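Coordinate analysis (summary)
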Amino acid sequence: MSEPAVVRIAPSPTGDPHVGTAYIALFDFAMARTTGGRFILRIEDTDRTRYDAKSEAQITESLHWLGIQYDEGPDVGGPNGPYRQSERTEIYREHVDKLLDGGTAYRCFCTAERLAEMRHAQRARKAPPGYDGLCRGLLPEEIEAKLAEGIQYVVRLKVPKDRPVSFHDELRGKVEIEGKQIDDQVLLKSDGFPTYHLANVVDDHLMEVNDVIRAEEWITSTPKHVLLYEAFGWTPPRFRHMPLLRNKDKSKISKRKNPTSLIWYKENGYLPEAMVNFLALMGYSSPDGEEMFSLEQMLKDFDPKRISTSGPVFDLEKLQWLNGEYIRALPENELATRLLAHWTYRRGRSIEADPETDGPLHAWIDANGGLESDAVRAFVLATIPLVQTRIKTLEEYAPLTRCFFRDDVSGYEQAELIPKKKDIEGVRDLLTTAHADLEGLTDWTHEPIEGALRGLAEKIEWKPREIFQPMRVAVTGSKISPPLFESMELIGKTACLARIEGAIRR
Ligand code: GLU
């Protein structure tokens, strides 16, 4: 067995929790669990301009929702805290002093205006961007004088420009870049906050992280990190840069083309196990080629050497399909539980019911004792066999089942009642006869209802589907509904007869 991996996910709380965070976290989790290691959540909140106060809570909520458990983190504690970088600024300043003393970093007093001019001139010359090194060679007395004057400064990494910097990526092999192509990166900003590079390296070292798994987009930062490890005299961790998630057109995953917020998926009725399975497929494949597998199954034969680096496509349709498969596979009781929990969650987040889609359901729930009531649960459970194979997300339940939850279904067009090659009189006669036949039924269950309607079709010499369409529209208010006879059974005799009368009047 390999050495226990100490891994971390280090999201910046700058907005909605991103699917990419869960994707990397899942592979972190698998690494930690399969090697007997540890998994840390660290909040990289040093960029105060982009900080979003809600974001951290949403990150932890999302990871808990998905069942991607970390062993240490801001909300669970642990021996390596604090786990928010904004609470560790003292540590970074001490470390910067070590670099300044050792001559591997330097103070830069350049003003914002000078840097802007420099960049402008570089662009004009078509020269690569980067600090021109003006303050690299300041003499100690010059530095003293500027400090005495109280001039603001940043601390920069003194990148050796005369040699290449290289590291080994566990998934990609050797990566090498010439020192002269690496910018003298700012490590400590003038507000006293560290940049990502400094804080990330210091924390990875102090938290004993030995396996860094992160998205491919950070690969250009890694040479800077390698130089920092050198400057501190520390052993660098192993690096694994995971392929970026992509939109279907192969561009980097973006909000414009896919929802990227984990909360969006939770609110919209995706099951956590489907989400985890889908994200796992972005880098892992099961030995038997099976696409549907649980996290436990993945952990059984996870091998980091087999992580695929070909650009994984975040295909929402595929996720919907997979989610539908997971919904189908749930025991009926469990699906009812998930639906009720989902609605409770949406209400907790004050997501208002849409009068067109889930409004009738929610009004009905309130009229029948609320989400906790046994009657509500029992009825929802009774609807499950009618919908389980027809919904791909929990959110699709309400629009599909509207006919069960409102009395007035008459919002349809008259034309919808009339099948091809039939006319309005014919349909009126049909509905009138159907009403009479159904009224005579003593056993209001789907089999006798079906028998009555098929018998009627024979009697008047219509094709069965020619009578099912007007019946369906009359009773459910739509040409699309759960299975007709079962729906009629659930809606009940009195309501069905009243709806047919309504259709006759139309
Ligand atoms: N804070 C970085 C992010 O937002 C961390 C990248 C890394 O894992 O090093 O993804």
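The structure this text deals with has already been given above.
Figured I'd write up the structure that's included with this text. (Residues numbered from 1 in each chain as written. Predicted model: local features only at pLDDT ≥ 70, side-chain atom pairs only at ≥ 80, totals over all residues. Heavy atoms only, no water.)

Regarding the overall build of the chain
As a reminder of what qualifies: Working definition: helices are DSSP H or I runs of at least four residues, strands are E runs of at least two. Numbering for both runs from the N terminus. A radius of gyration in this sense is built from C-alpha atoms; the matching globule rule multiplies 2.2 Å by the number of residues raised to 0.38. Buried means the residue's accessible area, taken with a 1.4 Å probe over protein chains only, is under 20% of the maximum for its type, while exposed means over 50%, and partly exposed covers the values in between.
Broken down by element type, the chain carries 21 helices and nine strands. Computed over the C-alpha atoms, the radius of gyration of the chain is 31 Å, more than 25% above the 23 Å expected from 2.2 N^0.38 for a compact globule of 506 residues. By principal-axis analysis of the C-alpha atoms, the chain measures approximately 105 × 55 × 40 Å. By residue count, 50% of the 506 residues in the chain fall in the buried class.

Some thoughts on the pairing of strand β6 (residues 173–178)
Put simply, the rule reads: Strands pair, by our definition, only if DSSP identifies at least two bridges between them.
Bridge count between strand β5 (residues 164–169) and β6: six bridges; the pairing is antiparallel. Bridging across to β6, Asp169 finds its partner in Gly173.

Structural notes on unusual backbone geometry
With omega at -5°, the peptide bond leading from Gly81 into Pro82 counts as cis. Mapped onto the elements of the fold, Pro82 is located in the loop between α2 (55–66) and α3 (89–102). Notably, Glu208 is not glycine yet its phi reads approximately 65°, a positive angle. The topology assignment puts Glu208 in the loop between α6 (196–206) and β8 (211–215).

Observations regarding the environment of His435
Short version of the rule: Whether two residues are in contact is decided by their heavy atoms, any of which lying within 4.5 Å being enough.
Along the chain, His435 falls in helix α17 (residues 424–439). Here the alpha-carbon distance between His435 and His342, two residues 93 residues apart in the chain, equals 38 Å. If we skip the residues at most four places from it in the chain, His435 touches Leu497, Ile500, Glu501 and Ile504.

A closer look at the packing of helix α14 (residues 374–387) against helix α20 (residues 484–491)
Counted only if it meets this: What counts as an axis is a line fitted to C-alpha atoms, over the stretch in contact for a helix, and the angles between N-to-C directions run from 0 to 180 degrees. Should an angle fall under 35 degrees it is taken as roughly parallel, and over 145 as roughly antiparallel, whereas 65 to 115 is taken as roughly perpendicular and any remaining angle as oblique. In this classification, the charged set is Asp, Glu, Lys and Arg, the nonpolar set is Ala, Val, Leu, Ile, Met, Phe, Trp, Tyr, Cys and Pro, and all remaining amino acids, among them Gly, are polar.
Contact pair α14 / α20: the axes reach a minimum separation of 10 Å and the direction vectors enclose 170°. In terms of orientation, α14 lies roughly antiparallel with respect to α20. Between α14, through Phe379, Ala382, Thr383 and Leu386, and α20, the contact on the second element is made entirely by Glu486, Ser487 and Leu490. Of the residues belonging to the contact of α14 with α20, the class tally is four nonpolar, two polar and one charged.

A few points about the site of the ligand
Test applied: What makes a residue near a molecule or strand is one non-hydrogen atom of that residue sitting within 4 Å of it. Whenever two N or O atoms come within 3.5 Å, that pair is a polar contact, provided that in protein one can donate a hydrogen and the other can accept it, and provided that, for residues adjacent in sequence, both atoms are side-chain atoms. For accessible areas, the Shrake-Rupley method is used with a probe of radius 1.4 Å. Any residue's cover is judged against the shown protein chains and nothing else.
Around the ligand, the neighbouring residues are Arg8, Ala10, Ser12, Glu44, Tyr196, Asn200, Arg214 and Trp218. In the environment of the ligand, an oxygen atom lies 2.7 Å from a nitrogen or oxygen atom belonging to the side chain of Tyr196. Isolated, the ligand exposes 290 Å² of accessible area, and the fraction of that covered by the protein chains is 84%.

Considerations on the packing of aromatic side chains
Threshold: Pairing of aromatic rings covers Phe, Tyr and Trp, the last counted by its six-membered ring, and requires centre-to-centre distances within 6.5 Å; plane angles under 30 degrees mean stacked, over 60 mean edge-to-face, and any other angle means tilted. Working rule: Lys NZ or Arg CZ, within 6 Å of ring centre, within 35 degrees of ring normal, means a charge sits over the ring.
Summed over the entire model, instances satisfying the criterion amount to 24 aromatic pairs. Each member of the aromatic cluster is reached from another via a ring pair, and the members are Trp343, Trp364, Phe379, Tyr397, Phe404 and Phe405. Here the basic side chain of Arg48 rests over the ring of Tyr51, its NZ or CZ set 4.3 Å away from the ring centre.

Comments concerning the pattern of salt bridges
We apply this condition: Within this document, salt bridges are pairs made up of a side-chain nitrogen of Lys or Arg and a carboxyl oxygen of Asp or Glu, the two lying within 4 Å of each other.
This structure, assessed with the given rule, holds 38 salt bridges. Note that Lys248 is salt-bridged to Asp315, the shortest N-O span being 3.8 Å. Within this pair, whereas Lys248 is found in the loop between β9 (238–242) and α8 (262–267), its partner Asp315 is found in the loop between α10 (295–301) and α11 (316–329), the two being separated by 67 residues in sequence. Here Arg338 ties to Glu273 by a salt bridge, and the two come within 2.7 Å at their closest N and O atoms. Highlighted residues: Arg338 in helix α12 (residues 332–348) and Glu273 in helix α9 (residues 272–280), separated in sequence by 65 residues. By relative accessible area, Glu273 is classed as partly exposed at 26%. Linked by salt bridges that have partners in common, Arg8, Arg42, Glu44, Arg88, Asp203 and Asp204 make up one network.

Brief notes about the nonpolar core
Basically, it comes down to this: By convention a nonpolar core is built from buried Ala, Val, Leu, Ile, Met, Phe, Trp, Tyr and Cys residues, the set being connected through side-chain atoms within 4.5 Å.
Counting 106 residues, the largest nonpolar core has Met298, Leu438, Leu453 and Met488 as the members making the most contacts within it. Among the elements that take part in this core, helix α1 (residues 19–35) stands out by supplying 11 residues, more than any other. Apart from residues no more than four positions distant in its own chain, Leu438 is found in contact with Trp444, Ile449, Ala452, Leu453, Met471, Met488, Lys493, Leu497 and Ile500. Listed in part, the 30 residues of the second largest apolar core include Val165, Ala199, Met207 and Phe232.

So, α3
Quick reminder of the rule: To estimate how far a helix should reach, multiply one less than its number of residues by 1.5 Å. By definition, the arc is the one covered by directions from the helix axis to the C-beta atoms.
For α3, with 14 residues, the first-to-last C-alpha span of 20 Å sits near the 20 Å given by 1.5 Å per residue. Taken residue by residue, α3 has Thr89, Tyr92, His95, Val96, Leu99 and Leu100 as its buried positions. One side of α3 carries all its buried residues, which in axial view fall inside an arc of 145°. Away from its buried face by more than 90 degrees, α3 exposes Lys98, Asp101 and Gly102. Buried positions along α3 lie against β3 (105–108), β4 (154–157), β7 (186–188), α6 and α7 (222–232).

A word on the sheet that holds β3
Within a beta sheet, neighbouring strands are joined by backbone hydrogen bonds and run either parallel or antiparallel to one another. Reading across from one edge, β3-β4-β7 is the order of the three strands in this open sheet, with antiparallel pairing throughout. The open sheet is flanked by β3 and β7, the only strands paired with a single partner. Taken over all neighbouring pairs, the strand axes of this sheet differ in orientation by 45° on average, direction set aside. Note: β4 against β7, two bridges, orientation antiparallel. Each residue of the ladder has a partner; that of Val155, found in β7, is Leu188.

Observations regarding the side chain of Lys224
Where we set the bar: Note that His is not counted, nor are the chain ends; the positive residues are Lys and Arg, and the negative ones are Asp and Glu.
Mapped onto the fold, Lys224 is located in helix α7. Buried within the structure, Lys224 lacks any salt-bridge partner; Asp183 is the closest side chain of opposite charge, at an N-O distance of 5.6 Å. Those residues in contact with Lys224 that sit more than four places away from it in its chain are Leu157, Ile182, Asp183, Gln185 and His197.

Concerning a positive patch on the surface
Heads up, the condition is: Within this analysis, patches are made of residues with over 30% relative accessible area and no salt bridge. Like charges are joined at 9 Å or less; nonpolar side chains (Val, Leu, Ile, Met, Phe, Trp, Tyr) at 5 Å or less. Charge coordinates come from a single atom per side chain, which is NZ of Lys, CZ of Arg, CG of Asp or CD of Glu.
On the surface, Lys420, Lys421, Lys463, Arg465 and Lys479 cluster together into a positively charged patch. Judged by relative accessible area, Lys463 falls into the partly exposed class, the value being 42%.

Looking at the pairing of strand β2 (residues 38–41)
Operational definition: When the strands point away from the viewer and the connection leading from the first strand across the helix to the second strand turns clockwise, the crossover is called right-handed.
The pairing of strand β1 (residues 6–9) with β2 spans four bridges and is parallel. If you follow Arg8 over to β2, its bridge partner there is Ile40. As for the winding sense of the linkage, the β-α-β connection from β1 through α1 to β2 is right-handed.

So far we have only geometry, and geometry alone does not tell us how the molecule works.
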